[in-house]
Number of protein chains: 2
Amino acid sequence: MNIVPGWIRSYQKPWLSGDAIAGVIVTVMLIPQSLAYALLAGLPPQVGLYASILPILAYALLGSSMTLAVGPVAVASLMTASALQPLAVAGSADYVALAMLLSLLSGGMLLLFGALRLGFMAHFLSHPVISGFISGSAILIAVGQVKHLLGVKAGGTNVLDTLIQLAQAVPHTHGVTLGIGAGSVLFLWLARKYLAPWLVRAGVSPKLADIASRLAPMLAVVVSTALVAALRWDQTAGVSIVGAVPQGLPTLALPKLSLPAIEQLWLPALLISLVGFVESVSVAQSLALQRQQRINPNRELLGLGAANVASALSGGFPVTGGFARSVVNFAAGANTPLAGVISAVLMGVVIASLTGLFHYLPQVVLAATIIVAVVSLIDIQTLREAWRYDKADAMSLLATAGGVIALGVEVGILMGVALSLGTLVWRSSHPHIAVVGRVPGTEHFRNVARHAVTTEPGLIAVRVDESLYFANSDALLDRVEQLVAAQPDTRHVLLVCSAINQIDTTALGVLTDLERSLAQRGTALLLAEVKGPVLDRLQGTALGQRLEGRIFLSTHAAFEHARQAASTV
Amino acid sequence: MNIVPGWIRSYQKPWLSGDAIAGVIVTVMLIPQSLAYALLAGLPPQVGLYASILPILAYALLGSSMTLAVGPVAVASLMTASALQPLAVAGSADYVALAMLLSLLSGGMLLLFGALRLGFMAHFLSHPVISGFISGSAILIAVGQVKHLLGVKAGGTNVLDTLIQLAQAVPHTHGVTLGIGAGSVLFLWLARKYLAPWLVRAGVSPKLADIASRLAPMLAVVVSTALVAALRWDQTAGVSIVGAVPQGLPTLALPKLSLPAIEQLWLPALLISLVGFVESVSVAQSLALQRQQRINPNRELLGLGAANVASALSGGFPVTGGFARSVVNFAAGANTPLAGVISAVLMGVVIASLTGLFHYLPQVVLAATIIVAVVSLIDIQTLREAWRYDKADAMSLLATAGGVIALGVEVGILMGVALSLGTLVWRSSHPHIAVVGRVPGTEHFRNVARHAVTTEPGLIAVRVDESLYFANSDALLDRVEQLVAAQPDTRHVLLVCSAINQIDTTALGVLTDLERSLAQRGTALLLAEVKGPVLDRLQGTALGQRLEGRIFLSTHAAFEHARQAASTV
C-alpha cells in the first residue's frame, strides 16, 4: 500500500475551489458544534476545538471516503459523558485525562479491527436499530440540555428523574438566560425550517440556500456574544458565559495509562467504536453512492481509528464521522479530504489566536445549538416506514430507542446489538428448504409446492437454498426427519446441493448424524450437484467415506439411481 | 396445550420395565455425582441431593426429550462456583441462598425465553465453540480438584496461579488422602477404559457392560466409605470425610430476593441458562435421533426452566441435562421420563432416610470422581476433525478453550458467543451473488461463470441466492456498483429475485438508494421473479412506486424488455 493516499497522488486542479469553499463553510459550522459537543461531553470548550484538528488530518490520510467530515458529534459526546460521569467530576483534569484515554482505547480498537479486516462489523446493526438508537440518544441529549436553557442546576440519573428535577427547578428559572436560550432555539429552528425555502424563493440556488441555513448557529453565536459583551450581561444579569478559553495549539502527549481505568473504560470504548464506525460507514456510503464512488469499510476502520488516536494524543475526546457536517461538506462541493485539511488548518488558526472571541459566548446558546441539532436527528420517518413495511423491524427500533431513554445509552446499544444479532440468528435458523420433483420430460427439478412435477416413489429429494452451517443445519435435519416420518417407506433421501457453497464443521456433524440415523432405518442418503470445493473437503471425512458411490453429478442421475434401485427390489 | 404430558397419556405397559431399570441405574450413578458436583460448586453435599429430586419431576412434566437426565452437572457447577465465590464464603448459608437465587433467575429466564418461543437460541453457539468451552471447563475443573487429591489447601484465581500454589503445597501432601485419591482415580480410570471390553469378552452384552462400567464410581464410594468407617481413618489418619449430611426431604421455600444480589447474578444466570440449554438440546437431539424421535427446543426451554425453578424452591442449585447420565439412561432402556420420575422417588428415599450412609465417605473420592468424569469431557476428537476440515472452526474452538482456561468460564463463554455470532455476521455479509445469462435457445438463465450462456448488451442480470437483509444487502450494492463501473454503457440492471423470500427494512433502504443512484446515471433497475409475499409488501413503498412497469414475471420477460429498449434507441 502506497503511503501517500490516492486522492493526493491523483489530485486535479479543478477540484481545488470546491475543496476550499467546503473547507471554509465546514469550519464555520464546526466552531460552535465543537464547543457545544465538548459541553455535552462534560469537557472544557477547548477540548472540542482540539478534537477538530489532528483527527481530521489523520482521517484524511487513511480513510476511504472523499467527503466524510470527522470530528466531535452528538451521540459520541453523550456516550463519553455517560462513560466518564461515574468516574470523575465533569470538567476536572482527571475527567479530561479519562476522555483522552477513552479516545485512545477506542482508536486502538478501531485500528486493531482494521488490521484484522473486520470491516464486516458494519453489519452488526440493522438500520432500524441504528435509527432507534440515534433517536433515543437525541431525546436523552435534548432533555439533558433543558437545564442550561432554564439556567438552573438539575441532575438526574435517567430521563424521568431529570424531568422531575427540572419541574422542581422551574421556579428558579433564570429569566435572561431563558430569554437568550428560547430566542436562540426559535431563531435556529426558524432558520432550519424556513430560511432555505425563503432564500430559494428569493432566487438563491437550492444548494446555496441549504448551506446558508446551516450557518445559522454561527450567526447566533456571533450576535449573542456581541450582545453579552456589549451589555456585560455576564455581570449585570448573571448569564453563564464560556469564559477564558486557553489560547494556543494543543500539545502532543500520551494520555495517562492506568490499568483500573482501562478496565472500566474498555466496554464504553468498544461501544463508542462500534456505534461511531457503523454510523460513519452508513453516512459515507450514502454520500459516496451519489457520486458513484465506493468506500472500503476496512479503510474506514483505519481512518477512524487513526482519528481517535490523534484526538487522544492532542488533548481531545472520541470523534467520528458526523452526519450533518458531512452532508454540508458534500453539498458545498468538497471533492477530496483536502476540504477537511483546509478546515483543520483554519481551526488551528482559530485556536492559536482567536479563542478570546468566545469569552462572552453565553453557554445557553451552545445548549440551544445542541437542542436544535439533535431534535433534527429524531427519525420519525424511518419508524413510520418500518411500521408500514415490517412490524418486527419497527419493534426493534422502538425497543432500542426505549432502552436508550429508560436504561441509558450503553444498555440501549447493547440491546440494539442483541436485537440485531437475535434477528440474524432467527432468520438463519429458518433457511429455505424445498422438496423438488422432475419437470415432466426434462432434466429440470423444481419445488413440488410451486410446480407441476413428478416424484419418484421411495425417494424424497430436498434442496436447501443456502450454505449449511451451525445456525441452520438443525433446521435441515428437522425437516428431513419430518418428511421421512410422514413417508416411512422412503428408501432414499436426496440432498440437492446446488446452492451449498460451504458446509461448516457443525453442519458436517449434523449431516453425519443424519446419514447414520437414516441408515438405521434402511434409508440411504444421496447427494447431488455438490460443488467442487465442498466435495474436495467432504472427501477426507468419515461422512465422505460412508457416502462413496452415493454422490451424483446431477439430480437427474440421482433420480435414475433411485428408480433403478426401486425396480430391482 | 393439554396439561398432562403426551408420554403419560399414551403410556404403554411394555415400556415400564425399561423405565424402571433405567431409573434405578441412573440413581446409583446420580448419588455420587450429585454429592461431587455440590462439592465442586462450593455447596454442602445435601444441596446436590436436593437438586436431584424436584427438578427431574418438573422436567418430566414440561420437557420434550424422552431420555434426557436432568440434574447437577460439572460445567454448570463450575459456573455456579465462579459466579458465587466473589460474593460469599463457599458453604455458608449466604452462599447457599445465593445459589438458590441463581437457579431461580436462570429458571425464570429459561421460562421467559420459552414463553417467547426463543428456542432458536440453541443456534447461538457453533459446535466447535461448545466443544472448546466444555474442554476448557473440564481442564479448569480437573486442575481445581487436584488440591483435594493432595489433601492440601490451595486457592488461585486462575489456572496458572492454582498450579503455582499446588506446586508450593506439594511438600504438605497428606499421604493417606493421596493414597485413597490416587487409588480411586486409577480404579475409576481402569474401569472406564477396560471394564466394559473385559466384560464383553467375558460374554456380557456390550450394552450391559457399558452400563456396569458406569457404576464404578458407586463401587468406589461404597468401598472407600466402608474402609474409612472400619479403620476410622478420619480420626487416626486425618482423612477429610463428608460428615453429617442432614436427613429429610428439602423444605419448599422461595429464595431470598435482593436487588443488589440480582444485579450481580443476572449475567451469570443468563450465561448458565444459555450454556445449559444449548448443551441439553444437543444431547437430547442426538439421543432422539437414534430412535427417530424429535425434540422441541421451545419445550426444552420450558422443561429446563421449570427444573431450575423447582431446584431453587427446594434448596438446590442450577441444573441442566447431563451428557453422561442421559447416555446411560438411554442405554439402560429408558423409554419415557418415567425413568426420571422413578429416579427422583429413589433419591427422595435416600435423602429421607439414608444420608447417614455418606458420613464416612472420604471427600477425596468425590474429587477423584469429578476428575475422571471431566477428563472424559476433554474433546480432542472434535479439535482434530475441525483442524483437518476447517481451520477457522478449529481456531474458534482453541480460542474458546484458551479463553476459559486463561480468563475464566464467564469470559470464555462470552468469547465463544462473540466468535460464533461474528462468524455468522461475516458469513452473512458474503452472500452468493451470480451474474446470469440465457442458456441459448431456452428461457433458462444460469451463472455466466459456470455455463455457456448469452448476455444482452447494455443489460447486467444479477441473481442473489439469499433473502436480502441488513447483514448482506450492502454486499449486493457493492457488487452491482462494481459491475456497473466496469460496464459504464449499462442501461438496465436486472435483479433476479427467485431466491429472495424476504426483504427487510434495511435492505429495502439499500435497494431504494441503489435504484436512485442507477437512475442518476440513466440506468434502470429491473426486477424479475419476485415472489408473491415480497411483491405485496414492496407495493406500498416508495421503491415499489418508482419501479412500476419494471417488475417482470420472468427473467425471460425482463431480457425481452431490455432487448427491445436497446433496439429502439
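On a predicted model such as this, the values are computed, not experimentally measured, just so you know.

A. Fine view of the overall build of chain A. Broken down by element type, chain A carries 25 helices and eight strands. Along the first, second and third principal axes, the C-alpha set of chain A runs to 105 × 60 × 55 Å. Of all 569 residues assigned to chain A, the portion counted as buried reaches 56%. Excluding contacts between residues fewer than 6 apart, the proportion of contacts in chain A whose partners are at least 24 apart in sequence is 81%.

B. Geometry of the sheet that holds strand β5 (residues 459-464) of chain A. Strand order in the open sheet formed by six strands is β4-β3-β5-β6-β7-β8 (chain A), with mixed pairing between adjacent strands. Looking along the sheet, the strands with just one partner apiece sit at the ends: β4 (445-447) and β8 (551-552) of chain A.

C. The confidence of the model for chain A, seen in detail. Within chain A, residue pLDDT values average 91, and 99% of them lie at 70 or more. Confidence estimates for the predicted assembly give a pTM of 0.84 and an ipTM of 0.82.

D. Inspection of the environment of B:Gln33 at higher detail. With respect to the helices, strands and loops of the structure, B:Gln33 is situated in helix α2 (residues 15-40). C-alpha separation for the pair B:Gln33 and B:Gln293, spaced 260 residues apart in sequence, amounts to 28 Å.

E. Geometry of the nonpolar core. Counting residues in each nonpolar core, the largest one holds 220 residues, and the members touching the most others are A:Leu43, A:Met79, A:Phe133, B:Leu43, B:Met79 and B:Phe133. Residues in contact with B:Phe133, not counting those within four places in the same chain, are B:Val75, B:Met79, B:Val275, B:Thr400, B:Val404, B:Val409 and B:Ile413.

F. Quick look at the sheet that holds strand β7 (residues 524-528) of chain B. Residues and elements named next belong to chain B. Ordered by their spatial adjacency, six strands build an open sheet running β4-β3-β5-β6-β7-β8, and the pairing between neighbours is mixed. Each having just a single partner strand, β4 (445-447) and β8 (551-552) make up the two edges of the open sheet. Two elements, strand β3 (residues 433-438) and β4, share three bridges in a ladder whose sense is antiparallel. Pairing of arginine 438 across the sheet is with phenylalanine 445, part of β4. Strands β3, β4, β5 (459-464), β6 (492-496), β7 and β8 of the sheet are contacted by helix α25 (residues 555-567), whose axis makes an angle of about 175° with β6.

G. Structural view of the pattern of salt bridges. Residue and element names in this part refer to chain A. For the structure on display, the rule yields 19 salt bridges over all chains. Residues arginine 563 and glutamate 560 are paired through a salt bridge, measuring 2.6 Å at the closest nitrogen-oxygen approach. Of the two residues, arginine 563 and glutamate 560 both sit in helix α25 (residues 555-567), three residues apart, roughly one turn of that helix. Accessibility expressed as a relative area gives 40% for arginine 563, which makes it partly exposed.

H. Region of the structure containing the relation of the copies chain A and chain B. At an RMSD of 0.1 Å, chain A and chain B line up after a rotation of 180° and a shift of 0.0 Å along the axis. Those values place the two copies in the arrangement expected of a two-fold rotation axis.

I. Seen up close, helix α11 (residues 216-231) of chain A. All names here are of chain A. Taking 1.5 Å of rise per residue, 16 residues should cover 22 Å, and α11 covers 22 Å from first to last C-alpha, within 8% of that figure. Turning to α11, the residues buried within the fold contact α2 (15-40), α9 (175-201), α10 (206-214), α12 (233-236) and α17 (363-375). Arginine 232 sits one or two residues past α11 and shows a positive phi near 50°.

J. Region of interest: helix α5 (residues 74-84) of chain A. When you tally the buried positions in α5(A), you get ten out of eleven residues, the bulk of the element. Close packing links the buried residues of α5(A) with α2, α6 (93-115), α7 (127-150), α13 (259-290), α17 and α20 (409-428) of chain A.

K. Molecular detail of the interface of chain A and chain B. Listed as interface residues are 55 residues of chain A and, on the opposing side, 55 residues of chain B. Surface buried jointly by chain A and chain B totals about 5600 Å² across both partners, of which 59% is contributed by carbon and sulfur atoms. When the area that chain A buries against chain B is broken down by residue, the three leading residues are A:His123, A:Tyr389 and A:Phe470, summing to 15%. In this structure, the connection of chain A to chain B is made through four salt bridges.

L. Quick peek at the packing of α9(A) against α17(A). Residue and element names in this part refer to chain A. Relative to each other, α9 and α17 sit at 35°, their axes nearing to 9 Å. Judged by the twist between their axes, the crossing of α9 over α17 is right-handed. Contact residues: Thr177, Ile180, Gly181, Ser184, Val185, Leu188, Trp189 and Arg192 in α9; Val364, Val365, Ala368, Thr369, Val372 and Ala373 in α17.

M. Quick look at the packing of aromatic side chains. This model, assessed by the stated rule, comprises twelve aromatic pairs over all chains. Judged by centre distance (6.5 Å) and plane angle (70°), the ring pair of A:Trp7 and A:Tyr11 falls under edge-to-face. Geometrically, the ring pair formed by A:Phe120 and A:Phe124 is tilted, given 6.4 Å between the ring centres and 45° between the ring planes. Side by side, A:Phe120 and A:Phe124 carry an identical accessibility label, which is buried. Chaining the aromatic ring pairs together yields one cluster made of A:Trp7, A:Tyr11 and A:Trp15. For B:Arg291, the ring lying beneath its charged end belongs to B:Phe330, and the centroid distance is 4.1 Å. One cation-aromatic arrangement involves B:Arg537 over A:Tyr389; the distance from NZ or CZ to the ring centre is 5.1 Å.

N. Representation of the pairing of β6(B) within the structure. Residue and element names in this part refer to chain B. Most of β6 is tucked away: five of the five residues are buried. By the alternation rule, side chains of β6 split into His492, Leu494 and Val496 and Val493 and Leu495, which are all buried. In terms of strand pairing, β5 meets β6 through five bridges, oriented parallel. The partner of isoleucine 460 across the bridge, within β6, is valine 493. Taken together, β5, helix α21 (residues 473-486) and β6 form a β-α-β motif whose crossover is right-handed.

O. Summary view of the packing of α10(A) against helix α15 (residues 323-331) of chain A. All names here are of chain A. Where α10 contacts α15, the two axes come as close as 10 Å, and the packing angle between them is 140°. The hand of the α10/α15 crossing is left-handed. Between α10, through Lys207, Ile211 and Arg214, and α15, the contact on the second element is made entirely by Ala324, Val327, Val328 and Ala331. By residue class, the composition of the contact of α10 with α15 is five nonpolar, no polar and two charged.

P. Structural view of unusual backbone geometry. One non-glycine residue with positive phi stands out, namely A:Arg232, at about 50°. Mapped onto the fold, A:Arg232 is located in the loop between α11 and α12. You will see that B:Glu529, though not glycine, has its phi angle at about 55°, which is positive.

Q. Quick peek at the side chain of A:Ser184. Residue and element names in this part refer to chain A. Take serine 184: it is sitting in helix α9. Residue classification places serine 184 among the buried residues on the basis of a relative accessible area of 8%. Polar side-chain contacts of serine 184 include one of 2.8 Å to the backbone oxygen of isoleucine 180. Excluding residues that lie within four positions of it along the chain, serine 184 makes contacts with Val365 and Ala368.

R. Geometry of a nonpolar patch on the surface. All names here are of chain A. There is a patch of nonpolar side chains on the surface, built from Ile3, Val4, Ile8 and Leu61 and spanning about 380 Å² of accessible area. Assignment of secondary structure puts leucine 61 in helix α4 (residues 54-62). Under the relative-accessibility criterion, leucine 61 is labelled partly exposed at 47%.

S. Structural view of the pairing of β7(B). Residues and elements named next belong to chain B. Within β7, five of the five residues are buried, which leaves the element mostly enclosed by the surrounding structure. Burial along β7 is two-sided: the residues Ala524, Leu526 and Ala528 and Leu525 and Leu527 are all buried. Bridge count between β6 and β7: five bridges; the pairing is parallel. The residue bridging valine 496 from the neighbouring strand is alanine 528, located in β7.

T. Representation of the side chain of A:Glu466 in the model. The topology assignment puts A:Glu466 in the loop between β5 and α21 (473-486). There is no salt bridge for the buried A:Glu466, and the closest opposite charge comes from B:Arg427, which lies 8.2 Å off by N-O distance. At 3.5 Å, the side chain of A:Glu466 and the side chain of A:Asn472 are in polar contact. Apart from the residues within four sequence positions on either side, A:Glu466 is in contact with A:Pro431, A:His432, A:Asn472, A:Ala499, A:Ile500 and B:Glu466.

Criteria and cut-off values
- Residues numbered from 1 in each chain as written.
- Chains lettered and ligands numbered in written order.
- Predicted model: local features only at pLDDT ≥ 70, side-chain atom pairs only at ≥ 80, totals over all residues.
- Heavy atoms only, no water.
- Helix = DSSP H or I, 4+ residues; strand = E, 2+ residues; numbered from the N terminus.
- Buried < 20%, exposed > 50% of the residue type's maximum accessible area, 1.4 Å probe, protein only.
- Contact = heavy atoms within 4.5 Å.
- Pairing = 2+ DSSP bridges.
- pLDDT = per-residue confidence, 0-100.
- Core = buried A, V, L, I, M, F, W, Y, C linked by side-chain atoms within 4.5 Å.
- Axes fitted to C-alpha atoms, helices over the stretch in contact; angles between N-to-C directions.
- Salt bridge = Lys/Arg side-chain N within 4 Å of Asp/Glu carboxyl O.
- Least-squares fit on C-alpha atoms with pLDDT ≥ 70 in both.
- Expected span 1.5 Å × (residues − 1).
- Buried area = accessible area lost by both parts, 1.4 Å probe.
- Left-handed = near helix turned anticlockwise from the far one by under 90°.
- Phe/Tyr/Trp six-rings, centres within 6.5 Å; stacked < 30°, edge-to-face > 60°.
- Lys NZ or Arg CZ within 6 Å of the ring centre and 35° of its normal.
- Right-handed = clockwise from strand over helix to strand, strands pointing away.
- Nonpolar A, V, L, I, M, F, W, Y, C, P; charged D, E, K, R; others polar.
- Polar contact = N/O pair within 3.5 Å; in protein donor to acceptor, adjacent residues only side chain to side chain.
- Patch = residues over 30% accessible without salt bridge, like charges linked within 9 Å, V, L, I, M, F, W, Y side chains within 5 Å.
- Areas by Shrake-Rupley, 256 points an atom, 1.4 Å probe, with all protein chains shown as cover.
- Lys, Arg positive; Asp, Glu negative; His and termini not counted.

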